[in-house]
Amino acid sequence: MIQETAPRARSVLITGATGDTGRVAVKEAMERGLTVRALVHLTDSRSAALEELGAEVVTGDLLDINTVRPAMEGADAAYFVWPVQPGLIHAVVNFAQAAKEARVNTVINLSQRSADRFSASDSCRDSFIAEQVFGWSGVPVVHLRPTFFLEWLLYPWQLPYIQQGVLRLPVGKGRHAPIAAEDQGRAIAALLDSPQEYVGRTVPLSGLVEMDHEQMAAELSDALGRRIVFQDLPIRRTFSRWKTWVCLRMPASTSTVPWPTTRTATCQGGTTTWNG
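Residues numbered from 1 in each chain as written. Predicted model: local features only at pLDDT ≥ 70, side-chain atom pairs only at ≥ 80, totals over all residues. Heavy atoms only, no water.

Draft legend 1. Spatial organisation of the overall build of the protein chain. Within the protein chain, the secondary structure is distributed over nine helices and 14 strands. Across the 276 residues in the protein chain, those meeting the buried criterion constitute 44%. Taking all contacts inside the protein chain whose residues are at least 6 apart in sequence as the whole, residues at least 24 apart take part in 66%. Total accessible area on the protein chain stands at roughly 14,500 Å², and carbon and sulfur atoms take up 53% of it. (Helix = DSSP H or I, 4+ residues; strand = E, 2+ residues; numbered from the N terminus. Buried < 20%, exposed > 50% of the residue type's maximum accessible area, 1.4 Å probe, protein only. Contact = heavy atoms within 4.5 Å. Areas by Shrake-Rupley, 256 points an atom, 1.4 Å probe, with all protein chains shown as cover.)

Given below as structure tokens:
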């Protein structure tokens, strides 16, 4: 009697696996019955939590193709994410080449809503070029363009002000529909599981309602049960506060710090200079 062999579970690689979107994507992919390999920079309590879920944890660096390529082996699909910092295009080239060599069927690329060839922002411009590089590579790809992460309201350069009742950002009357990383992680896992309908497409990710920051402050007020007001700041004043926050936490070191702008800041002994 011939015994039927159970079909192999779909295998996926998730980068940034201890980050906001990657961590959720690992959990959701595991719940979908996928075999998950989680790529991390180093092993720690966060990566141990992924192993407890059943993921295979491997260490690597997206800027080193010889660590990316082994992580790709046997993967049917792979999720690419890169933080807002220099190196994106280098990482994308490595990822695309490794995916081609490993014959990965689909890459899910987390881009950004503001990806634009002619943007004054290095981050936005590089995100557009990164999308093009994946296209040139011939690797089947789905581009995700999320808007403002809801978690950014909880980041250290913002949270203390919200705790004091003020939402402070240099955004004027700008409008967007924030989306939580958890929601993005669910979408990423779903696409890793079944990407066919979306290959070659750019998919926007956002919340349900677009609003300006005065409306967001009102929503926060309702949710927290206390008054939150929006304060629009001059952009240079905002940068000054952000770079001071970083450098006060690195008083004895020199560190190049990326910002969500066209510049980076170099901190040395608690002082900061702009690069670019």
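Now, onward.
Draft legend 2. Just the pattern of salt bridges, in detail. Taken as a whole and assessed by the stated rule, the structure comprises 13 salt bridges. Two residues, Arg186 and Glu182, come together in a salt bridge whose shortest N-O distance is 3.2 Å. Of this pair, Arg186 and Glu182 are both found in helix H7 (residues 181-193), four residues apart, which corresponds to roughly one turn of the helix. (Salt bridge = Lys/Arg side-chain N within 4 Å of Asp/Glu carboxyl O.)

Draft legend 3. Summary view of the packing of aromatic side chains. The tally for this structure, following the rule as stated, stands at five aromatic pairs. Aromatic pair Phe95 and Phe134: ring centres 6.4 Å apart, planes at 90°, arrangement edge-to-face. Placement of Phe95 in helix H4 (residues 88-102) and of Phe134 in helix H5 (residues 122-137) is noted, with a sequence separation of 39 residues between them. This pair shows no difference in class: Phe95 is buried, exactly as Phe134 is. With centroids separated by 4.9 Å and ring planes inclined at 75°, the aromatic side chains of Phe148 and Trp152 adopt a geometry described as edge-to-face. You can call Trp152 partly exposed: its relative accessible area is 26%. (Phe/Tyr/Trp six-rings, centres within 6.5 Å; stacked < 30°, edge-to-face > 60°.)

Draft legend 4. Inspection of H5 at higher detail. With 16 residues, H5 ought to run about 22 Å at 1.5 Å a step, and its terminal C-alpha atoms sit 22 Å apart, in line with that. Looking at the buried side of H5, the elements it contacts are strand E4 (77-80), H4, strand E5 (106-110) and strand E6 (141-146). Two or three places before Ser123, at the start of H5, stands the capping residue Ser121, its side-chain oxygen 3.2 Å from that residue's backbone nitrogen. One or two steps after H5, the chain reaches Gly138, where phi turns positive at roughly 85°. (Expected span 1.5 Å × (residues − 1). Polar contact = N/O pair within 3.5 Å; in protein donor to acceptor, adjacent residues only side chain to side chain.)

Draft legend 5. Highlighting the sheet that holds E5. Spatially, the seven strands line up as an open sheet ordered E3-E2-E1-E4-E5-E6-E9, and their pairing is parallel. A single partner strand is all that each edge strand has here, and the edge strands are strand E3 (56-59) and strand E9 (202-205). For this sheet, the mean inter-axis angle between neighbouring strands, taken without regard to orientation, is 20°. Relative to E9, E6 runs parallel, the two sharing four bridges. Bridging from a neighbouring strand, Leu144 pairs with Val203 of E9. The strands touched by H5 are E4, E5 and E6; relative to E6, the strand with the most contacts, the crossing angle is about 165°. (Pairing = 2+ DSSP bridges. Axes fitted to C-alpha atoms, helices over the stretch in contact; angles between N-to-C directions.)

Draft legend 6. A look at the nonpolar core. The biggest cluster of nonpolar side chains holds 29 residues, and the ones touching the most others in it are Ile14, Val26, Val36, Leu50, Tyr79, Leu144 and Leu192. Where this core is concerned, the elements lending two or more residues are strand E1 (11-14), helix H1 (20-31), strand E2 (35-40), E4, E5, E6, H7 and E9. Here this core takes five residues from H7, the largest share from any one element. Excluding residues that lie within four positions of it along the chain, Leu144 makes contacts with Ile108, Asn109, Leu110, Ser111, Gln112, Ile188, Leu191, Val203 and Leu205. By size, the runner-up hydrophobic cluster in this structure holds 26 residues, among which are Leu62, Ala78, Ala91 and Val133. (Core = buried A, V, L, I, M, F, W, Y, C linked by side-chain atoms within 4.5 Å.)

Draft legend 7. Focus on the packing of H4 against H5. Two elements in contact, H4 and H5, have axes whose closest approach is 9 Å; the angle formed by their N-to-C orientations is 20°. Here H4 is positioned roughly parallel relative to H5, judged by the angle of their axes. Here H4 and H5 pass one another in a crossing that is right-handed. Each of Leu88, Ile89, Val92, Val93, Phe95, Ala96 and Lys100 in H4 lies in contact with H5, whose residues at this interface are Asp126, Ser127, Ile129, Ala130, Val133, Phe134 and Ser137. A per-class count over the contact of H4 with H5 returns ten nonpolar, two polar and two charged. (Parallel < 35°, antiparallel > 145°, perpendicular 65-115°, else oblique. Left-handed = near helix turned anticlockwise from the far one by under 90°. Nonpolar A, V, L, I, M, F, W, Y, C, P; charged D, E, K, R; others polar.)

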